[in-house]
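A structural walkthrough
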Amino acid sequence: MVIIYGGSGDTLSFQHTSRFLGPLLRWLFPDLGPAGFSQALFLIRKLGHLTEYFLLMLLAWRALRLTTGHRFWSWHPRPAALALVLAGAYAVSDEFHQKFVQTRQASGIDVLIDISGATLALGLIWLVSRWKRRRDPALGPEEETTASR
């Protein structure tokens, strides 16, 4: 959360990130026109939102699951909902913070992208937990194993 907060300041604003992303994009794709260049920068920045909240959700899930003595990959809806609310609330507060940074702007679309990243992480956790239970039906969702930590 500290890293996200730091990134939502002036340092990672469009003006600053385009200074190093621009030359990299031009080097990777020298034939990219102005419209494609703008779209690529936009996509990279939005993928950054998706990725940071995907990782935040994994960390929030881990904290909620392991502090209660449960395995990381065992699925339970209560910590999933709590972690999603936490990530969503932080996404809203992050955009609110950006409203007060001169080189940034708050965006509801970014909040939706952030929540989508968190939801994708939850989906991954749910899929892996189902896969693990199918592989070893003897493992219940609450059974502790030292190998799963």
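Just above sits the structure.
A brief look at the structure comes next. The shown structure was predicted, so the numbers you read here are calculated from the model rather than taken from an experiment. (Residues numbered from 1 in each chain as written. Predicted model: local features only at pLDDT ≥ 70, side-chain atom pairs only at ≥ 80, totals over all residues. Heavy atoms only, no water.)

So, about helix α3 (residues 34–66). The terminal C-alpha atoms of α3, which comprises 33 residues, lie 48 Å apart, in line with the 48 Å expected from a rise of 1.5 Å per residue. Of the positions making up α3, those classed as buried are Phe37, Ala40, Leu41, Lys46, His49, Tyr53, Leu56, Met57, Leu58, Ala60, Trp61 and Arg65. (Helix = DSSP H or I, 4+ residues; strand = E, 2+ residues; numbered from the N terminus. Expected span 1.5 Å × (residues − 1). Buried < 20%, exposed > 50% of the residue type's maximum accessible area, 1.4 Å probe, protein only.)

What follows deals with the packing of aromatic side chains. Under the definition given, this model contains one aromatic pair. Ring geometry for tryptophan 61 against tryptophan 75: centres 5.4 Å apart, planes inclined by 20°, an arrangement best described as stacked. Note that tryptophan 61 is positioned in helix α3 and tryptophan 75 in the loop between α3 and α4 (77–98), a separation of 14 residues in sequence. Residue classification places tryptophan 61 among the buried positions, given a relative accessible area of 0%. (Phe/Tyr/Trp six-rings, centres within 6.5 Å; stacked < 30°, edge-to-face > 60°.)

Quick look at the pattern of salt bridges now. Applying the stated criterion across every chain yields a total of one salt bridge. Residues aspartate 110 and lysine 46 are paired through a salt bridge, measuring 2.5 Å at the closest nitrogen-oxygen approach. Placement of aspartate 110 in helix α5 (residues 108–135) and of lysine 46 in helix α3 is noted, with a sequence separation of 64 residues between them. The class of aspartate 110 is buried, set by a relative accessible area of 6%. (Salt bridge = Lys/Arg side-chain N within 4 Å of Asp/Glu carboxyl O.)

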